[in-house]
Amino acid sequence: MVNLGDVFPNFKADTTEGPIKFHDWQGDSWAILFSHPADFTPVCTTELAEVQKMTPEFKKRGVKLIALSCDDTESHKNWSKDVLAYGNCQGKELSFPIISDSNRDLAVQLGMVDPDEKDKAGLPLTCRAVFIIGPDHKLKLSFLYPATTGRNFAEIVRVVDSLQLTAVKKVATPVNWTPGGEVMVVPSLSPEDAKAMFPKHEVKNVPSSKNYIRLTKEY
Ligand code: BEZ
């Protein structure tokens, strides 16, 4: 298992773009590793096609993408053709690599095994994990969905925006925040510092009279 704040494992793996060592592949960019149970499966195909179409959104944010699926590289390369055709995508190759995890080493190391899913040979499959890793190689966000529930990659872009904002500003993003929306001054900032950093912030009156809900439009 990798916890938030841990340095993400610097694993070696074979991918559709050749062998990698994770930290070298990542460099000093943000990175997202997202896993799939298996190649040539319907939900996974819809997800990969969506990510391919959303590649410019991730590029704009300086985020490198890498997928993982429990099959070998040859299978990934063949499956990619289906993904591109399904998504009506231009080009002959996906714009991100897919890691091969045929022996499930990474599935186990990263805590991604879905207990309900097995392949034809009875081997476990991974769930739909997402790991967002900062330029410092530390884990900033993770979630696990079961194999039967496809992810919402627009939400993943939204959380990247939140992570990148809150990495540099003393703010946190409230429920359903989207870029440009009001944000909250972080609780650890003293009232004096909050006033200095966010002169126009608003403190909400609440029955407890505790001045902890501090909203700001400027950040
Ligand atoms: C799918 O991608 O459609 C899928 C894969 C494994 C289990 C269930 C669904």
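That block above? That's the structure.
Residues numbered from 1 in each chain as written. Predicted model: local features only at pLDDT ≥ 70, side-chain atom pairs only at ≥ 80, totals over all residues. Heavy atoms only, no water.

What follows deals with the nonpolar core. If you look at the biggest cluster of nonpolar residues, it comprises 29 residues, and the most contacted ones within it are Ile32, Phe34, Leu48, Phe58, Phe96, Ile132 and Ile156. Secondary-structure elements contributing two or more residues to this core are strand 3 (30-36), helix 2 (42-60), strand 4 (63-69), helix 3 (73-86), strand 8 (128-133), strand 9 (139-145) and helix 5 (153-166). Counting 20 residues, the second largest nonpolar core, distinct from the first, contains Phe8, Phe22, Ile99 and Ala129. (Core = buried A, V, L, I, M, F, W, Y, C linked by side-chain atoms within 4.5 Å. Buried < 20%, exposed > 50% of the residue type's maximum accessible area, 1.4 Å probe, protein only. Helix = DSSP H or I, 4+ residues; strand = E, 2+ residues; numbered from the N terminus.)

As a further point, take the site of the ligand. The full set of residues close to the ligand is Pro37, Thr41, Pro42, Val43, Cys44, Glu117, Arg128 and Ala147. Between the ligand and the protein, one listed contact pairs an oxygen atom with a backbone N or O atom of Pro42 at 3.3 Å. Take Cys44: an N or O atom from its main chain is 2.9 Å from an oxygen atom of the ligand. In terms of residues, the shell around the ligand owes the most to one element, helix 2, which gives three residues. A per-class count over the shell around the ligand returns five nonpolar, one polar and two charged. (Near = heavy atom within 4 Å. Polar contact = N/O pair within 3.5 Å; in protein donor to acceptor, adjacent residues only side chain to side chain. Nonpolar A, V, L, I, M, F, W, Y, C, P; charged D, E, K, R; others polar.)

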